[in-house]
Amino acid sequence: MIRALPLLLLLAGCDGWPESPKPPPPAAPPEGAVPRGAAAHRAALAPPGPPVDAALLAEGAGRYAIYCTPCHGASGRGDGVVVARGHPPIPPLPADPARSMAAIAGNLAGAHPLADRLDPRQRWAVARHVAALRWAE
């Protein structure tokens, strides 16, 4: 009890302090401002994308095997293992890389969106791999 008395006296003395003024609200960003990194992200997603070379196609084939093959199959014809196990038929993949990019980014025709799993280069890699699949037929 004796040890608590000085603490209580100190706390009682704090009652008369003035309240601190509230800080001003943050200033609005200037017109046309873009959040950091958003412009670079949009530019990376804009056509024509990175140059198509063997490394990009190999990266796309790897990502396609992980994220796309279960539904679309190795050839992109919509004959993946989930269809074999009773999922409704899946249409063949489009050859147009822009449509593939849209399918990767959103829920195009019921596709699972992968934008949070694939960075812009990987998206382009998958889109170019899909285009190469269709041209190889």
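Residues numbered from 1 in each chain as written. Predicted model: local features only at pLDDT ≥ 70, side-chain atom pairs only at ≥ 80, totals over all residues. Heavy atoms only, no water.

Visitor: Looking at this model, I keep getting lost on the overall build of the chain. Mind explaining?
Guide: Looking only at helices and strands, the chain features seven helices and zero strands. Beginning at the N terminus, the succession of helices and strands in the chain can be written as α-α-α-α-α-α-α. Here the chain, with 137 residues, has 22% of them falling under the buried criterion. For the chain, the share of sequence-separated contacts (at least 6 apart) that also reach a separation of at least 24 residues comes to 51%. For the chain, the accessible surface area stands at approximately 9800 Å², while carbon and sulfur atoms represent 65% of it. (Helix = DSSP H or I, 4+ residues; strand = E, 2+ residues; numbered from the N terminus. Buried < 20%, exposed > 50% of the residue type's maximum accessible area, 1.4 Å probe, protein only. Contact = heavy atoms within 4.5 Å. Areas by Shrake-Rupley, 256 points an atom, 1.4 Å probe, with all protein chains shown as cover.)

Visitor: Can you help me understand the nonpolar core in this one?
Guide: Counting nine residues, the largest nonpolar core is built from Tyr64, Cys68, Leu93, Ile104, Leu114, Leu118, Val126, Val130 and Leu133. Top element by residues in this core is helix H7 (residues 120-136). It accounts for three residues. When neighbours within four sequence positions are excluded, Leu114 is seen to be in contact with Tyr67 and Ile104. (Core = buried A, V, L, I, M, F, W, Y, C linked by side-chain atoms within 4.5 Å.)

Visitor: Would you explain the pattern of salt bridges in this entry?
Guide: Pairs can form between side chains of opposite charge once their charged atoms are near each other. For the structure on display, the rule yields two salt bridges. In this structure, Arg121 engages Glu59 in a salt bridge whose closest nitrogen and oxygen atoms are separated by 3.0 Å. In this pair, Arg121 sits in helix H7 while Glu59 sits in helix H3 (residues 54-67), placing the two residues 62 residues apart along the sequence. Of the residues examined, Arg121 reaches a relative accessible area of 37% and is grouped as partly exposed. With a relative accessible area of 24%, Glu59 lands in the partly exposed category. Of the charged contacts, one joins Arg117 and Asp116 as a salt bridge, the two residues approaching to 3.6 Å between their closest N and O atoms. The partly exposed category is assigned to Arg117, whose relative accessible area is 45%. (Salt bridge = Lys/Arg side-chain N within 4 Å of Asp/Glu carboxyl O.)

Take it as geometry only, folks, not as evidence of what the structure does.
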